[in-house]
Amino acid sequence: MANNEDVLREVGPRLRALRRDAGITLTALADTTGISVSTLSRLESGQRKATLELLLPLARAYHVPLDELVGAPPTGDPRVYARPIHRFGQTILPLTRNPGGPQAFKHIIEAGRPPEPDPKTHEGYEWLYVMSGRLRLVLGEHDLVLPAGEAAEFDTRVPHWFGSAEGQAVEFLSIFDRQGARIHVRARPKKSSSV
């Protein structure tokens with residue numbers, strides 16, 4: 001069982017991962033929480049110990065339970081309670097709780113006039129699978145339409161954007177890894193070679 005020092009040491013990396021995953025700058029987070037940029041930076045780097053007064057506004061800002069920030073031990077309930085994130089005209093449901101490692105999300109794009117593509121870049125690698133609808137994926141100089149059942153994978157340092165191809169609702173799954181690990185798919189078991 002982890003001691004208090006070990007638990008507190010992990011708070012900073014969790015806070016940094018949450019902020020980066022949300023695409024929020026320290027300045028924007030400071031404006032939202034009322035905590036100074038220098039205090040937030042020291043919290044993330046582990047130079048300042050986390051207190052309840054600092055963690056409560058951060059949990060509210062990230063829309064996560066306080067125990068997720070401190071890595072509270074599991075309660076025995078294996079269910080993931082997804083708290084939806086609304087960003088880029090999408091509803092994004094986290095399907096895993098794995099800060100710093102591969103993370104899975106369900107994306108829902110409501111029907112409506114699709115916005116103009118605005119490709120972005122960031123560190124990592126992404127794999128996605130279209131469950132329903134037709135997803136438009138702008139990836140570098142490629143402009144692709146992926147129907148239900150198709151998948152794509154790409155380095156997120158390449159400018160990319162996705163939205164509805166025809167203004168209809170789209171649902172897709174994504175797996176994102178900030179470290180750039182690629183997904184390995186095994187279609188069938190290896191045949192054993194007999195001697």
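Parameters and conventions
- Residues numbered from 1 in each chain as written.
- Predicted model: local features only at pLDDT ≥ 70, side-chain atom pairs only at ≥ 80, totals over all residues.
- Heavy atoms only, no water.
- Helix = DSSP H or I, 4+ residues; strand = E, 2+ residues; numbered from the N terminus.
- Buried < 20%, exposed > 50% of the residue type's maximum accessible area, 1.4 Å probe, protein only.
- Areas by Shrake-Rupley, 256 points an atom, 1.4 Å probe, with all protein chains shown as cover.
- Axes fitted to C-alpha atoms, helices over the stretch in contact; angles between N-to-C directions.
- Parallel < 35°, antiparallel > 145°, perpendicular 65-115°, else oblique.
- Left-handed = near helix turned anticlockwise from the far one by under 90°.
- Contact = heavy atoms within 4.5 Å.
- Nonpolar A, V, L, I, M, F, W, Y, C, P; charged D, E, K, R; others polar.
- Pairing = 2+ DSSP bridges.

Asker: Quick question: what am I supposed to make of the overall build of the protein here?
Answerer: Per the secondary structure count, the protein includes five helices and nine strands. Starting at the N terminus and walking to the C terminus, you meet the elements of the protein as α-α-α-α-α-β-β-β-β-β-β-β-β-β. Buried positions account for 32% of the 195 residues belonging to the protein. Of the roughly 12500 Å² that the protein leaves accessible, carbon and sulfur atoms contribute 53%.

Asker: How should the packing of helix 2 (residues 26–33) against helix 3 (residues 37–45) be read in this particular structure?
Answerer: The geometry of a pair of packed helices is captured by two quantities: the angle between their axes and the separation between those axes. Between helix 2 and helix 3, the shortest axis-to-axis distance is 9 Å and the interhelical angle comes to 110°. Between helix 2 and helix 3, the crossing angle belongs to the class labelled roughly perpendicular. Handedness of the helix 2/helix 3 crossing: right-handed. On the side of helix 2, the interface is formed by Leu26, Thr27, Leu29, Ala30 and Thr33, while helix 3 contributes Val37, Leu40, Ser41 and Glu44. Split by residue class, the contact of helix 2 with helix 3 holds five nonpolar, three polar and one charged.

Asker: Looking at this structure, how should I read the pairing of strand 2 (residues 90–94)?
Answerer: A regular strand carries its side chains on alternate faces of the sheet. The buried fraction of strand 2 amounts to five of the five residues, a majority that puts the element mostly inside the structure. Bridge analysis of strand 1 (residues 85–87) against strand 2 gives three bridges, and the strand direction is antiparallel. Its bridge partner lying in strand 2, Arg87 is registered against Gln90. Count of turn residues in the strand 1/strand 2 antiparallel hairpin: two residues, of which Phe88 carries a positive phi of about 55°.

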